[in-house]
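# Observations on chain architecture
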Number of protein chains: 2
Amino acid sequence: MASQCRWGILGAANIARKNWKAIRLAENATLTAVASREPARAKEWIDANQAECPFPTAPAAVTYDELLKSPDVDAVYIPLPTGVRREWVVKAARAGKHVLCEKPCGPDAGELRAMLNACQANNVQFMDGVMFMHGKRLPLLRRTIDDGETVGQLRRIATQFTFAAGDDFLKNNIRVSTALEPLGALGDLGWYNLRFSLFVMKYQMPAKVSGRLLTEHQGVPLEFSGELFWDGGVSAAFYCSFNTELQQWAHVSGTKGSIAVQDFVLPYYGCEAAFVADRPVFNVQGTRYHWESHPKRFAVTEYSDGAPDAQETNMVRTFSGLVLGGTPDPTWGEIALKTQVVMDTCLASARQGGATLACPSV
Amino acid sequence: MASQCRWGILGAANIARKNWKAIRLAENATLTAVASREPARAKEWIDANQAECPFPTAPAAVTYDELLKSPDVDAVYIPLPTGVRREWVVKAARAGKHVLCEKPCGPDAGELRAMLNACQANNVQFMDGVMFMHGKRLPLLRRTIDDGETVGQLRRIATQFTFAAGDDFLKNNIRVSTALEPLGALGDLGWYNLRFSLFVMKYQMPAKVSGRLLTEHQGVPLEFSGELFWDGGVSAAFYCSFNTELQQWAHVSGTKGSIAVQDFVLPYYGCEAAFVADRPVFNVQGTRYHWESHPKRFAVTEYSDGAPDAQETNMVRTFSGLVLGGTPDPTWGEIALKTQVVMDTCLASARQGGATLACPSV
């Protein structure tokens, strides 16, 4: 059995430079090829990355088609724009390549289903590139939410993921292009809000959702809020925006206490990923009347930004392990599809002025 | 001119014990009478408080009507249930007493308007008892929001105010009585969410609102979420609940940064009231890709719970100053009415399944 999964990157995007480093740091992965529409562009990109973070052998600069035909590539990371992603995911699957797919996976669940069907038919792994799913903090968060005491019964989830994109971005960036990124901020940022909420709910689908398009640019959501409602009474509010400066917080609230995460998408620079639980105490006696905060901090050691245990390295490591293991895990495709279906339904609600819509099951 | 405003308390409620102490600590206030339906109950309540926090002369134990007729009372604090409050606010105003009114002021804006009209006709001060409005933190928060740099242009406000009431409360407490507290958690807690949001927006009314009744008990809201939409694009989400353990956070977000307040209703026990601004920095260069949190903490020295500078003492001090000054300030009644109108419209929306409703101007 091979000891390393051999990666190809389909599209020399800036965001993919982080994944280059993650592949370099994961001991069960290596990078053999990088494709761009213009191989010269791929070569330039490879050279820049090799200078900073070299592989022992530089990856080959190839075209998309060459990459998919290469016998030296087991898995592809596809950071291509959402509007053209299905074509290349399906081609990759048919070529027998495992697929790590950027988010939002598709413009809608129909396109994602086509991708998943192709992956299943060709027995290849599918995963969406949500790095926080692979952070060491998440299992600790899971245990803490589930311990019965810190939060008690869940009641409410609230998340915000925003960054202020600036005027140039809004004019020129593909992330607000009707053709290439039709979901705009909802796809780019809201994907994380929805995934985190589904994670907290152990991927139970909400019964109903609503959404509101707060700002748009030629039909592309720039600012979006929504609310999810589960059977049993838990609800989740979210807000994502390209108009609002960087925030990435989540509050998980229950009958006994709450958890606050200030950086659920990407732990802020440092050597820890943390969250804080609180169960304030009422001190009411006679004319005394105050509330005491009793915070408890939970943290894991996890170095930021290109460390061997950073969440992006773990993502590559986990994916590579699945590829080397030989048996695709369908769970990743299922939770990607759930995320996309909830997103689609929120957007459908927004197009109907915020109407409460039943959320299809997955 | 008198140097002290002479207070009466109409209703020997537990919550009023905190106000007893606040009146005791405000140098421009004293307490001359306490009324209960049963004067014996008032006497017992007075004795308990005198033992803990005595006035030089114990207040008289009287009936409601006696209190309103007393020439020794300038101002009344009315913690009576919302369902019966109008009657006593109007009677108090007609008796020439200034009125500090618990929140929610009334079951709806119509009742509050009747109270405000009575106060105006009789030239007495009206104010709702929202203590955080009088904390020393609020002016600092105002200046920080308005400095043009910390937040930039406002985009989003999010608040949560909740506490887990427990089964006994839900069975027996008047705060969930259809007759006495028909607004339930929306009135008891949501009043703060809405007031804080209006404060941030300098009391501009939202153009539209929506609301959702997440849990109810015989028609009384136990858990409620809503969203406010202003002309110009700012929006505010709120959540209040008797089912969810104590939290009282607010996030104020803009194009340049954000402010987080963890305890906007009542600063947690301690000697400071604080908030934290953050403007994270993107550090993206080559294969490096991380975000740095750059938090800045703002705080005022403000001792909790019955201190001379605590927010409840300031509330009594400010109100007493208005009474002693002789000219009622209509602003307090106006912002109470705005709060109530927004609340009414959110509830109307919830009764229509979350429909987006135009919010009446005030």
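Rules and cut-offs
- Residues numbered from 1 in each chain as written.
- Chains lettered and ligands numbered in written order.
- Predicted model: local features only at pLDDT ≥ 70, side-chain atom pairs only at ≥ 80, totals over all residues.
- Heavy atoms only, no water.
- UniProt positions renumbered as here; feature names shortened; annotations may be inferred.
- Helix = DSSP H or I, 4+ residues; strand = E, 2+ residues; numbered from the N terminus.
- Pairing = 2+ DSSP bridges.
- Axes fitted to C-alpha atoms, helices over the stretch in contact; angles between N-to-C directions.
- Contact = heavy atoms within 4.5 Å.
- Buried < 20%, exposed > 50% of the residue type's maximum accessible area, 1.4 Å probe, protein only.
- Right-handed = clockwise from strand over helix to strand, strands pointing away.
- Core = buried A, V, L, I, M, F, W, Y, C linked by side-chain atoms within 4.5 Å.
- Domains from an automatic or database assignment.
- Salt bridge = Lys/Arg side-chain N within 4 Å of Asp/Glu carboxyl O.
- Least-squares fit on C-alpha atoms with pLDDT ≥ 70 in both.
- Polar contact = N/O pair within 3.5 Å; in protein donor to acceptor, adjacent residues only side chain to side chain.
- 1 Å grid on protein atoms, 1.4 Å probe; cavity = no way out; pocket = protein on both sides within 12 Å on 5 of 7 lines; lining within 4 Å.
- Points joined across faces, edges and corners; volume = space filled by probe spheres on them.
- Nonpolar A, V, L, I, M, F, W, Y, C, P; charged D, E, K, R; others polar.

### Thoughts on the UniProt feature "domain: GFO/IDH/MocA-like oxidoreductase" (unreviewed entry) in chain A
Mapped onto this numbering, the UniProt entry gives "domain: GFO/IDH/MocA-like oxidoreductase" (unreviewed entry) at residues 141-259 of chain A. Along residues 141-259 of chain A, the helical share is 25% and the strand share 39%, with 9 Å between the first and last C-alpha atoms.

### Considerations on the sheet that holds strand E6 (residues 126-128) of chain A
Within a sheet, adjacent strands bond to each other through the backbone by hydrogen bonds, running parallel or antiparallel. Residue and element names in this part refer to chain A. Overall, parallel pairing links the 6 strands, which are arranged E3-E2-E1-E4-E5-E6 in an open sheet. With one partner strand each, in any of the chains shown, strand E3 (60-62) and E6 form the two edges of the open sheet. Strand-to-strand twist across the sheet, computed as the mean angle between neighbouring axes with direction ignored, equals 25°. Note that strand E1 (residues 5-10) and strand E4 (residues 75-78) share 3 bridges and pair parallel. When the bridges of E4 are listed, glycine 8 appears paired with valine 76. Where helix H1 (residues 16-25) meets the sheet, it contacts E1, strand E2 (29-35), E4 and strand E5 (98-101), and its direction lies at approximately 145° from that of E2.

### Observations regarding the UniProt feature "domain: Gfo/Idh/MocA-like oxidoreductase N-terminal" (unreviewed entry) in chain A
As recorded in UniProt, the feature "domain: Gfo/Idh/MocA-like oxidoreductase N-terminal" (unreviewed entry) lies at residues 6-127 of chain A. As annotated, residues 6-127 of chain A has a helix share of 46% and a strand share of 20%, and its two end C-alpha atoms lie 16 Å apart.

### Focus on the pairing of E4(A)
In summary, the side chains of a regular strand alternate between the two faces of the sheet. All names here are of chain A. The side-chain alternation of E4 yields two buried faces, one formed by Ala75 and Tyr77 and the other by Val76 and Ile78. Pairing analysis gives 4 bridges linking E4 to E5, with the strands arranged parallel. In the sheet register, valine 76 faces E5, and the bridge partner there is valine 99. Crossover handedness for the path E4 to helix H4 (residues 82-94) to E5: right-handed.

### Description of the nonpolar core
Among soluble globular proteins, nonpolar side chains are generally buried collectively. In this structure, B:Trp7, B:Phe126 and B:Phe242 are the most contacted members of the largest nonpolar core, which totals 123 residues. Split by domain, this core shows at least three residues from each of two domains, domain 1 (5-132) and domain 2 (135-310 + 339-358) of chain B. Membership of the second largest hydrophobic core comes to 122 residues, among which are A:Ala92, A:Val209, A:Tyr268 and A:Cys359.

### A look at the pattern of salt bridges
Applying the stated criterion across every chain yields a total of 38 salt bridges over all chains. Taken together, the salt bridges that share partners define one network made up of A:Arg6, A:Asp72 and A:Asp74.

### Here we look at the relation of the copies chain A and chain B
Mapping chain A onto chain B calls for a screw motion: a turn of 180° about the axis and a shift of 0.0 Å along it, with 0.0 Å RMSD after fitting. Considering both components of the superposition, the chain copies are consistent with a two-fold axis. Residues of chain A ranked by C-alpha distance from the rotation axis are headed by A:Ala355, positioned 3.5 Å from it. Both copies present the same face, since 98% of the interface residues in chain A are matched by interface residues at the equivalent positions in chain B.

### Side note on the side chain of B:Ser304
Residue and element names in this part refer to chain B. Counting through the fold element by element, serine 304 comes out in the loop between strand E16 (295-301) and helix H9 (311-325). For serine 304, a relative accessible area of 14% translates into the label buried. Within the local environment of serine 304, its side chain forms a polar contact with the backbone nitrogen of glycine 270, the two atoms lying 2.7 Å apart. For serine 304, the residues in contact, after removing those within four places along its chain, are Pro267, Tyr268, Tyr269 and Gly270.

### A few points about empty space enclosed by the protein
What the rule picks out here adds up to 6 cavities of 30 Å³ or more. Of the voids in this model, the largest cavity is the one considered here, and its volume is about 150 Å³. As for the largest cavity, its lining consists of 18 residues, of which A:Gly226, A:Glu227, A:Ala237, B:Gly226 and B:Glu227 are closest to the centre. If you list the elements that add at least two residues to the lining of the largest cavity, you get strand E8 (208-217), strand E9 (220-229) and strand E10 (235-241) of chain A together with strand E8 (208-217), strand E9 (220-229) and strand E10 (235-241) of chain B. Per-class residue counts for the lining of the largest cavity are 4 nonpolar, 8 polar and 6 charged. A:Ala158, A:Ala237, A:Trp249, B:Ala158 and B:Ala237 are, among the 16 residues lining the second largest cavity, the residues nearest its centre. Listed by contribution, the elements that provide at least two residues to the lining of the second largest cavity are strand E7 (154-162) and E10 of chain A together with strand E7 (154-162) and E10 of chain B. Tallied by class, the residues present in the lining of the second largest cavity amount to 10 nonpolar, 4 polar and 2 charged.

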